[in-house]
Amino acid sequence: MKRIQVAEKNKLWFTLSLILVTISLGSLFIQGLNFGIDFIGGTIVTMELHAPFEEADARGIVDKFDTGADITYAGDAKTQVIITTKKSLNTEERQALFSGFQEKYNLQAADLLSIDTVNPSIGKEMASNAIIAIVVAVLLMLVYITFRFEFLFGITAVIALVHDLIVVLGVYSIFQIQVNSPFIAAMLTVLGYSIMDTVVVFDRIRENRPKFGKHAYLDLVDTSVTQTIVRSINTSLTTLIAITSLYIFGVPAIKDFALPLMVGIAIGTYSSIFNASALWYTIKEYQFKRHEKAIAK
Amino acid sequence: MDKKNIHRKSVIKLIAITLSIALVGYILFYGITVGVYNIGNIGKSINYGLDLTGGVNVVLEAQSTDADPVTSEKIDSSILTIRQRIDSIGVSEPTITKQGDNRIRVSIPSVSDQEEALNLIGKTAQLEFLGPDDSVILTGKDVIDSKGVMQTDNSGVEKAVVTLKFSEEGTKLFADATQKYQGQIIKIKLDDEVISSPTVNVVITSGEAVIEGMKDIDEAGNLASLIRGGALPVKLEPVEIRTIGPTLGQNSLSESIFAGIIGISLVLIFMLVVYRGLGFLADLALLIYIIIVLTIMTALNVTLTLPGIAGLILTVGMAVDANVIIFSRIQEEARSGKSLLTSIDVGFARAFGTILDSNVTTLIAGFVLFFLGSGSVQGFAVTLILGILVSMFTAIVITKRLIKILVKTGLFNNNAFYGL
């Protein structure tokens, strides 16, 4: 098999990643994220109307409660209505809203398909918990890799992870896809999955080390990546196949999980192959050259 | 192929294993009846989450005021009261748990009227009888029984009313008040809302009273059960509500199962195409994996939620990963000139460390999610953790046995079969 030039073309991969990160951060600063009710609070009510409806009719009922509400169609025959308000409606308001539709479309109690209401206070908590969870998870992974491998492996793996996080957030920001609590769970899973890929490559580097010259980092990294790349791609493919079927055939609640997983696994696989070990090589090489210089003096 | 080299015992073993997977799978998904016992049928015995059965999930936050701080005792007694109220409307098995210092999470499966259930849970149900001067005569604490009944009034019209029976002390207080305020109006307030304001015509010493003005018998019955259950010691504000109607839940379940089956089938085909003979073994191992995970979930009574299904499908991808690592290793060893059986042993030994290290990192993510997440996120974490543990077991223990048996059968001795 032709050798993959990860360490050899490290500048190319770093440039590519830098571009991705810059675009992502740019979008995050300029338009930010489109947070859903889990984070900013609000109410989502879904009803089965049994017949196609005019948005204007629905708007007439909804405007009494929140003029900024989103009204969208759902269901196979577009007979369901989803009303999303930015302010969280209290029990009386929700009941009045449902009564409004009940009268107009002659609905039964069971036609109220689902209600989701989140107070803004809960949303703020959720956001801070999410950040804590991600920081804790990353630190624990760093500790584990340092313990099983070495600190430099750990820190490069974590840098690759931060890259994955930023790019997935960037994708969500660029396309303004709504971010709710499943996104956080998916992000943490992506962290675990992406580092799993990275560990497999590092594991091979660790194993191959005695076979190469003490400072033949370039050969060591590129050979190891070449040996593991088929596995990396194949496992990411199987996972992507499974998750993509969920995304295509699943219900909205499952799609919220599947989409960030798909994006994250794709990015994670890229960074595990092309970033983590290239970064390790670059730092090792830099340390080695500095050491040589010190001796030469 | 040399027929003499075929090892009979191993062939039988392999066929037996394949058949037993099929049998166990059949029992698991369709169930069989042996005498009076129903065995299997995981679809019926697994514990489904609210998002799949429909139901109401509410997080209530106790509102603290300076005069009336929230205490742990108040939360505990609120939980008791809420449980009584839900039991009184006779719905199945609510789960009521304390969350943090000042929150209560209430989950009720299979609720047909979502708003009604929400109403019942959060009402403080502070019942007060007030005199014309707004002095409190008696409160819900003085009521020992209450019922919603149909009653014919003076004009012969049948109306839904709530009957009240006072305690001994309440009877006395009520008698005194009706004496004092004869001909005047008494207000009956529920949660600061006047629900009835009857005029006192006679002195009532029987210790009984009725609240009129109910819409129908259901409303009367609900109010009666609120009064019976007693007032909540604190004001509870719903901060998060998630309800799902029963039909939506059912749809989600069947659509997710369909999506899952397609996803898993595609993975099985992929493995077969890419890894051929070894892929077939990986597929067998994957089916065993699915059977074990579902069995453990049923045995431990783990609740299966929609995010949980996503987690399960994700771990199917991961379970394959361990096999891929092992197979790549075996292929590498075989290419370096070792015999097939030696390659298998060396390949497994080498792959073990890799699989362990790579799975521990994902386990870390799973545990962080479990301990720091809530609700739906926890459901995802549970299946993720369970899936990783079982997938390591099937990859390392079961796949190894399967491969050795297959090689020993001598049926397939050409390297192409093993994707070499």
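Note that the structure is predicted; figures quoted are calculated from it, not measured. (Residues numbered from 1 in each chain as written. Chains lettered and ligands numbered in written order. Predicted model: local features only at pLDDT ≥ 70, side-chain atom pairs only at ≥ 80, totals over all residues.)

**Regarding the overall build of chain B**
Then, number 1: Helix and strand content of chain B: 11 helices and 15 strands.
Then, number 2: Relative to the globule expectation of 22 Å for 420 residues, the C-alpha radius of gyration of chain B, 32 Å, shows a markedly less compact shape.
Then, number 3: Put simply, of all contacts in chain B between residues at least 6 apart along the chain, 72% involve residues at least 24 apart. (Helix = DSSP H or I, 4+ residues; strand = E, 2+ residues; numbered from the N terminus. Rg over C-alpha atoms; globule rule 2.2 N^0.38 Å. Contact = placed C-beta atoms within 7 Å.)

**Side note on the overall build of chain A**
Then, number 1: Scanning chain A for helices and strands turns up 9 helices and 6 strands.
Then, number 2: Here the C-alpha radius of gyration of chain A, 25 Å, is well above what a compact globule of 297 residues would show, namely 19 Å.
Then, number 3: C-alpha atoms of chain A, sized along the principal axes, occupy 85 × 35 × 30 Å.
Then, number 4: Taken across its 297 residues, chain A has 48% of its residues classed as buried.
Then, number 5: The long-range share in chain A, meaning contacts at least 24 apart out of those at least 6 apart in sequence, stands at 79%. (Buried ≥ 20, exposed ≤ 12 C-beta atoms within 10 Å, placed from the backbone.)

**A short note on the nonpolar core**
Then, number 1: Residues Ala137, Val168, Met187 and Leu188 of chain A together with Ala310 of chain B are the most contacted members of the largest nonpolar core, which totals 197 residues.
Then, number 2: The element best represented in this core is helix H8 (residues 246–299) of chain B, accounting for 20 residues.
Then, number 3: Among all residues touching Met187 of chain A, those that are not within four sequence positions of it are Ile134, Leu165, Val168, Pro260 and Gly264 of chain A. (Core = buried A, V, L, I, M, F, W, Y, C linked by C-beta atoms within 7 Å.)

**Quick word on the interface of chain A and chain B**
Then, number 1: Taken together, the contact between chain A and chain B spans 59 residues of the former and 63 residues of the latter.
Then, number 2: Put simply, the parts of the chain that give the side of chain A that touches chain B at least two residues each are helix H4 (91–105), strand S5 (112–118), helix H5 (120–148), helix H7 (181–208), helix H8 (217–249) and helix H9 (252–296) of chain A.
Then, number 3: Per-element tally for the side of chain A that touches chain B: the top contributor is H7 of chain A, with 14 residues.
Then, number 4: The residue inventory of the side of chain A that touches chain B, partitioned by class, reads 38 nonpolar, 16 polar and 5 charged. (Nonpolar A, V, L, I, M, F, W, Y, C, P; charged D, E, K, R; others polar.)

**Things to note about the sheet that holds strand S4 (residues 55–62) of chain B**
Then, number 1: The strand order S3(A)-S4(A)-S2(A)-S5(A)-S14(B)-S4(B)-S6(B)-S5(B) describes an open sheet built from 8 strands, whose pairing is antiparallel. Strands at the two margins of the open sheet, each flanked by one partner only, are strand S3 (70–74) of chain A together with strand S5 (95–99) of chain B. Mean inter-strand twist for the sheet, computed between neighbouring axes without regard to direction, equals 15°.
Then, number 2: As judged from the 7 bridges shared by S4 of chain B and strand S6 (residues 103–109) of chain B, these two strands associate in the antiparallel manner. Bridging across to S6 of chain B, Val59 of chain B finds its partner in Arg105 of chain B.
Then, number 3: Together, strand S2 (42–48) and S5 of chain A form the strand contacts of H4 of chain A, whose direction differs from that of S2 of chain A by roughly 25°. (Pairing = 2+ DSSP bridges. Axes fitted to C-alpha atoms, helices over the stretch in contact; angles between N-to-C directions.)

**Quick look at the sheet that holds strand S11 (residues 187–190) of chain B**
Residue and element names in this part refer to chain B.
Then, number 1: Reading across from one edge, S8-S7-S11-S12 is the order of the 4 strands in this open sheet, with antiparallel pairing throughout. At either margin of the open sheet sits one strand with a lone partner, and together these are strand S8 (136–139) and strand S12 (193–196). Each strand of the sheet is rotated relative to its neighbour by a mean of 35°, with strand direction disregarded.
Then, number 2: In this sheet, S11 lies alongside strand S7 (residues 127–130) in antiparallel orientation, the contact comprising 4 bridges.

**Quick notes on the domain arrangement of chain B**
One frequent convention defines the size of an interface as the accessible area lost when the parts assemble.
Then, number 1: Split into domains, chain B comes out as domain 1 (3–45 + 246–418) and domain 2 (55–243).
Then, number 2: A separation of 54 Å is found between the C-alpha centroids of domain 1 of chain B and domain 2 of chain B. (Domains from an automatic or database assignment.)

**Some thoughts on the packing of H5 of chain A against H7 of chain A**
Residue and element names in this part refer to chain A.
Then, number 1: Between H5 and H7, the shortest axis-to-axis distance is 10 Å and the interhelical angle comes to 10°. In terms of orientation, H5 and H7 fall into the roughly parallel class. Counting all contacts with H5, which are made through Met126, Ala130, Ala133, Ile134, Ala137, Val138, Met141 and Ile145, the residues of H7 involved are Ser181, Ile184, Met187, Leu188, Leu191, Ile195 and Val199.
Then, number 2: Partitioning the contact of H5 with H7 into residue classes produces 14 nonpolar, 1 polar and no charged. (Parallel < 35°, antiparallel > 145°, perpendicular 65-115°, else oblique.)

**Examining the pairing of S5 of chain B**
Consecutive residues of a regular strand have side chains that alternate between opposite faces of the sheet.
Residue and element names in this part refer to chain B.
Then, number 1: Relative to S6, S5 runs antiparallel, the two being bridged by 5 bridges. The residue of S6 that forms the bridge with Thr97 is Arg105.
Then, number 2: With antiparallel pairing between neighbouring strands as the criterion, S5 and S6 make up a hairpin whose turn holds 3 residues, including Gly100 at a positive phi of roughly 65°.

**What to know about the domain arrangement of chain A**
Then, number 1: Domain parsing of chain A yields domain 1 (10–36 + 122–296) and domain 2 (42–118).
Then, number 2: Distance between the C-alpha centres of domain 1 of chain A and domain 2 of chain A: 41 Å.

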